[in-house]
Amino acid sequence: MKVLKFGGSSVAKPERIRSVIEIVKPYLEDKPAVVFSAFSGVTDTLIALAGNALSGKIEYKDQLRQLEARHLDAVRELIGIQKQSGIIAQVKFTCNELEDVLHGVFLVKECTPRTLDYIMSFGERLSAYIISEAMKDTGIDAAFLDARKVVRTDSNFGYARIDFETTNKQIQEYFNTHTKVQVITGFIGSTSSGETTTIGRSGSDYTAAIFAGALKATDLEIWTDVDGMMTADPRKVKKAFTVKEMTYVEAMELSHFGAKVIFPATMQPAMINHIPIRIKNTFNPSFAGTLISAKSNGKNLIIKGISSMDKISLLSVQGSGLMGVVGVSMRLFGTLAKENINVILISQASSEHSICFAIEAAKTRQAKQSIEHEFQYEIRSRAMDEVKVEEELAIVAIVGENMKHNPGTSGRMFSALGKSGVNVNAIAQGSSELNISAVIHQQDITKALNVLHEAFFLSDRKVLNVFMAGTGLIGKSLLTMMHKQYSHLASQNHLEIHVVGIANSRKMLFSEDGLALEQAVEQVLKEGEEMNLNTFVGNMLSLNLSNSIFVDCTSSEAVTEHYETILSSNISIVTPNKKANSGSLQKYRALKQAARLRGVRFLYETNVGAGLPVINTLNDLLISGDAVIGIEAVLSGTLNYIFSTFKPGIKFSDVVKDAKAKGYTEPDPRDDLNGMDVARKILILSREAGLSLELDNIVVENLVPENCRGEMSIDRFFEKLAEHNNYFEELADQAAARNEKLRYMAVLKDGKTSIKLGSVNDQHPFYSLSGSDNIILLTTERYKERPMVIRGPGAGAEVTAAGVFADIIRIGNYTN
């Protein structure tokens, strides 16, 4: 025979009860035993009723009437009208009995554990009775069984222990004489003197296992509201999936550490009698669910699940006087046992200098006081320190029997946590290698669960959570590229890019599940809230998502002021914004150090040369032991276009106007002609090459004539620039006479950097440069005779966005 158990969510409403009856029907040939919990939320309501009656709050009567009405409504919906009267009378009789007990609590202002157990029993008694009658009404030969008749317990009210010898005998005798389908109350039992007891919250699972063990059932099925035991809590890990098979001990470990699908004690009767347990979903009955048994065929999974416990405190007992002293642990944990404080995790140094252990946060003060009282003499004599308490913690645990066969499991776990900036306060692992537990900060629990889930279950797929500031030309191009490449990256590179936050100068918008890339810009304008940079960064940090990347597509110095905070919060940065790296040397170094200390990436390939591989190439040379001798470069696509187009016979001011009209220059062309953009770029390259330079160390030839500087309109600027056409024409004529071309060049030589307008002959690599291309010559110890040449488009939204995109993908590959 089989034993089936249905939880409160499965029988929350009459329509769900009808579905449960349809699920039971195919089992009827084997005369199953069916265990039911109270209707969803009823047990909590009963506890609240008792609390209100105890406090003298007369409103408990209104709550009781609502509870009675809910059960009577269920009868009216589930039972044919001609059969309702007797059932309604019985439900009212039971509710009157409950009312009498509550009235007694209200009068005497006392509610003992014995009384509370009796009050809580009404939930299962009402639900199982109503469901048994509903089954009868559909033609099922069913009978109601109050488990108190056969389940014998001790008098430890609230968490009564089972007398298995008596219980098994009584269940077997009862079933030998009652052949109908038994509809059984979960959660409750009785003492030898007939007093009602409960066997712990979620005890209906346990009840089902007790009956399965006593009846030597072939299977135990636990029907709930999820598709089985999941790899992680799906509320915290979106990509969690059902584990097809696991062993009893794996399920027990996961249950202990917070997996609420099955009650831990349920496994004991099933394990002893080798009864397989199947976890099924009432709302998806055709799904196979999870099979829990003595052996598991899931050999391909190193671990079976990741679980967690919230609201944990870590207490540390330490002192030089504890080393080598026999009995310290006995006294410590004996004291906690006397106070009825459960120890969840223990970690002790081999030197015996310290012991730390985790307990429920609610017991922290009690535990600290009891320990310090027990060890008061040691503390007074300074042989032991005062108990150290760390609060607002949680435990994350990976569970699986296959860990023992796979070296490196713990390394993978702590590497994944470390890369995501999750600090581990304490670690525990048993010699059986079934479980590795880590105590971490409560705020990191969701991130930790997700990074561990990716590391062990989705190791071929990495999710990058992107927060993007700036939706101008570069930002829009980047979003378009990410949208077009999404499927390819997922299938070929095993990367998923989710844009979780996006902002421009006016609006900002967040979506933890990711914004639609093709509509992100329009969506932020329509749905976004007013942009506030501090709020944007604060939201990004508080979300605390794994594999987070901040992408700065602005040219704002205000945004760069937050870089160090972002990096220090274990979020990588990708940016074409030059302001941070060309600011003070101290800031440049601080950002590098923050990224290094936190193990995140700070990538800015597009600071120089747009999408050209300049900075990465330079870094690769230096890391491999090369040394930079000098750098020559044309680093402004705008100025290269101007001087490639400017020839004798053409007015310089007209060339600049043409460049502006084609969108090559900044809105104010003087921002290109003054050379500061080039100065920032060569400064960054110089710093990457190892020089300690500031921006004012660079000698810059400003191409804006003196009388063209200062405040004036753009039209006025062009009028004044025309006054200097002869000067620039003379430079062009002189260069042409020498068969040379004008180039605005940045030069790093002998530790000094300068930028000037010069000319090059046809033997120079810069001679053939055209359009808006950039070119960089790297002269190093290895490339001394023939410098390395990097050449290509050095400006434009698309090529810059492509470089930013490549950096994002590079981080994705780094975090794997």
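For the structure, check the block above.
The structure displayed is predicted, hence computed values, not measured ones. (Residues numbered from 1 in each chain as written. Predicted model: local features only at pLDDT ≥ 70, side-chain atom pairs only at ≥ 80, totals over all residues. Heavy atoms only, no water.)

Some remarks on the overall build of the protein
Consideration 1: If you tally the helices and strands in the protein, you get 28 helices and 29 strands.
Consideration 2: Against the globule reference of 28 Å for 816 residues, the protein gives a C-alpha radius of gyration of 37 Å, more extended than a compact globule.
Consideration 3: Projecting the C-alpha coordinates of the protein onto the three principal axes gives extents of approximately 120 × 75 × 55 Å.
Consideration 4: Across the 816 residues in the protein, those meeting the buried criterion constitute 52%.
Consideration 5: In the structure as shown, the protein presents an accessible area of about 35,900 Å², 48% of it carried by carbon and sulfur atoms.
Consideration 6: In the protein, which carries 88 positive and 94 negative side-chain charges, the distance between the mean positions of the two groups comes to 2 Å. (Helix = DSSP H or I, 4+ residues; strand = E, 2+ residues; numbered from the N terminus. Rg over C-alpha atoms; globule rule 2.2 N^0.38 Å. Buried < 20%, exposed > 50% of the residue type's maximum accessible area, 1.4 Å probe, protein only. Areas by Shrake-Rupley, 256 points an atom, 1.4 Å probe, with all protein chains shown as cover. Lys, Arg positive; Asp, Glu negative; His and termini not counted. Charge placed at Lys NZ, Arg CZ, Asp CG, Glu CD.)

A closer look at the packing of aromatic side chains
Consideration 1: The tally for this structure, following the rule as stated, stands at 21 aromatic pairs.
Consideration 2: Between Phe 510 and Phe 536 the ring centres are 5.1 Å apart and the planes differ by 35 degrees, which places this aromatic pair in the tilted class. Separated by 26 residues along the polypeptide, Phe 510 in strand 19 (residues 507–510) and Phe 536 in helix 17 (residues 533–543) bring together distant segments of the chain.
Consideration 3: Both rings, one in Tyr 727 and one in Phe 728, keep their centres 5.1 Å apart while their planes meet at 75 degrees; by these two values the pair is edge-to-face.
Consideration 4: Tyr 727 gets classed as partly exposed once you look at its relative accessible area, which sits at 46%.
Consideration 5: Judged by its relative accessible area of 3%, Phe 728 falls in the buried class. (Phe/Tyr/Trp six-rings, centres within 6.5 Å; stacked < 30°, edge-to-face > 60°.)

Things to note about the sheet that holds strand 18 (residues 495–503)
Consideration 1: The seven strands lie next to each other as 20-19-18-17-21-22-23, forming an open sheet whose pairing is mixed. Two strands in the sheet have a free side with no partner beyond their single neighbour: strand 20 (529–530) and strand 23 (602–603).
Consideration 2: Two strands pair when backbone bridges link them, and strand 17 (residues 462–469) and strand 18 are joined in this way by eight bridges, in the parallel orientation. In the strand pairing of strand 18, Asn 465 is matched with His 498.
Consideration 3: Packed on one face of the sheet, helix 15 (residues 473–493) meets strand 17, strand 18 and strand 21 (548–552) and runs near 155 degrees to strand 18. (Pairing = 2+ DSSP bridges. Contact = heavy atoms within 4.5 Å. Axes fitted to C-alpha atoms, helices over the stretch in contact; angles between N-to-C directions.)

What to know about the packing of helix 4 (residues 84–108) against helix 5 (residues 113–137)
Consideration 1: In the contact formed by helix 4 and helix 5, the axes pass within 11 Å of each other and the chain directions differ by 175 degrees. If you check the angle between helix 4 and helix 5, you find them roughly antiparallel. Where helix 4 approaches helix 5, its residues Gly 86, Ile 87, Gln 90, Val 91, Thr 94, Cys 95, Glu 97, Leu 98, Val 101, Leu 102 and Val 105 are matched on the opposing element by Thr 115, Tyr 118, Ile 119, Phe 122, Arg 125, Leu 126, Tyr 129, Ile 130 and Glu 133.
Consideration 2: Partitioned by chemical class, the residues of the contact of helix 4 with helix 5 number 13 nonpolar, four polar and three charged. (Parallel < 35°, antiparallel > 145°, perpendicular 65-115°, else oblique. Nonpolar A, V, L, I, M, F, W, Y, C, P; charged D, E, K, R; others polar.)

Let's talk about the pattern of salt bridges
Consideration 1: Counted by the stated rule, this structure contains 34 salt bridges.
Consideration 2: Residues Lys 578 and Asp 677 are paired through a salt bridge, measuring 3.2 Å at the closest nitrogen-oxygen approach. Remark: Asp 677 occurs in helix 25 (residues 676–688) and Lys 578 occurs in the loop between strand 22 (572–574) and helix 20 (585–598); sequence separation between them is 99 residues.
Consideration 3: Lys 578 gets classed as buried once you look at its relative accessible area, which sits at 18%. (Salt bridge = Lys/Arg side-chain N within 4 Å of Asp/Glu carboxyl O.)

Quick look at helix 10 (residues 328–338)
Along an α-helix, residues three or four positions apart point the same way, because every turn accommodates 3.6 residues.
Consideration 1: If you check which residues of helix 10 are buried, you get Val 328, Leu 332, Thr 335 and Leu 336. Down the axis of helix 10, the smallest arc covering the buried residues is 95 degrees, so these residues share one side. Opposite its buried face, helix 10 presents the exposed residues Met 330, Ala 337 and Lys 338, each directed more than 90 degrees away.
Consideration 2: Summarising the contacts, the buried residues of helix 10 are in contact with strand 11 (305–318), strand 13 (354–360) and helix 11 (364–374).
Consideration 3: Two residues or fewer past helix 10, Asn 340 is found with a positive phi of approximately 60 degrees. (Arc of directions from axis to C-beta.)

Section: the nonpolar core
Consideration 1: Residues Phe 550, Leu 635, Ile 642, Phe 643, Phe 652, Leu 673 and Leu 685 are the most contacted members of the largest nonpolar core, which totals 73 residues.
Consideration 2: By residue number, the principal contributor to this core is helix 25, which donates six residues.
Consideration 3: In this structure, Phe 652 is in contact with Ile 642, Phe 643, Phe 646, Leu 673, Leu 721, Asn 725 and Phe 728, ignoring residues within four places of it in sequence. (Core = buried A, V, L, I, M, F, W, Y, C linked by side-chain atoms within 4.5 Å.)

A closer look at the packing of helix 15 against helix 28 (residues 797–814)
Consideration 1: Taken N-terminus to C-terminus, the directions of helix 15 and helix 28 make an angle of 50 degrees; their axes are 8 Å apart at the nearest point. As far as their axial angle goes, helix 28 and helix 15 are oblique. Regarding helix 15 and helix 28, the two cross each other, and that crossing is right-handed. In this structure, helix 15 contributes Leu 473, Ile 474, Ser 477, Leu 478, Met 481, Met 482, Gln 485 and Leu 489 to the contact, and helix 28 contributes Ala 797, Glu 798, Thr 800, Ala 801, Ala 802, Val 804, Phe 805, Ile 808 and Ile 809.
Consideration 2: By residue class, the composition of the contact of helix 15 with helix 28 is 13 nonpolar, three polar and one charged. (Left-handed = near helix turned anticlockwise from the far one by under 90°.)

A few points about the side chain of Ser 477
Consideration 1: Inspection of the secondary structure assignment puts Ser 477 in helix 15.
Consideration 2: Looking at Ser 477, the relative accessible area reads 16%, which means it is buried.
Consideration 3: Look past the residues within four positions of Ser 477 in its chain and what remains in contact with it is Ala 797, Glu 798 and Ala 801.

Description of the pairing of strand 16 (residues 435–441)
Consideration 1: Within strand 16, six of the seven residues are buried, which leaves it mostly tucked inside the rest of the structure.
Consideration 2: The sheet contact formed by strand 14 (residues 388–399) and strand 16 spans seven bridges and is antiparallel. Its bridge partner lying in strand 16, Ile 395 is registered against Val 439.
Consideration 3: One ladder, built from five bridges, connects strand 15 (residues 424–429) with strand 16; its direction is antiparallel. The residue bridging Ala 428 from the neighbouring strand is Ser 437, located in strand 16.

Observations concerning the side chain of Thr 43
Consideration 1: Tracing the chain through its elements places Thr 43 in helix 2 (residues 42–54).
Consideration 2: Ignoring any residue separated from it by four or fewer positions in sequence, one finds Thr 43 in contact with Ala 38, Met 120, Glu 124, Phe 187 and Arg 201.

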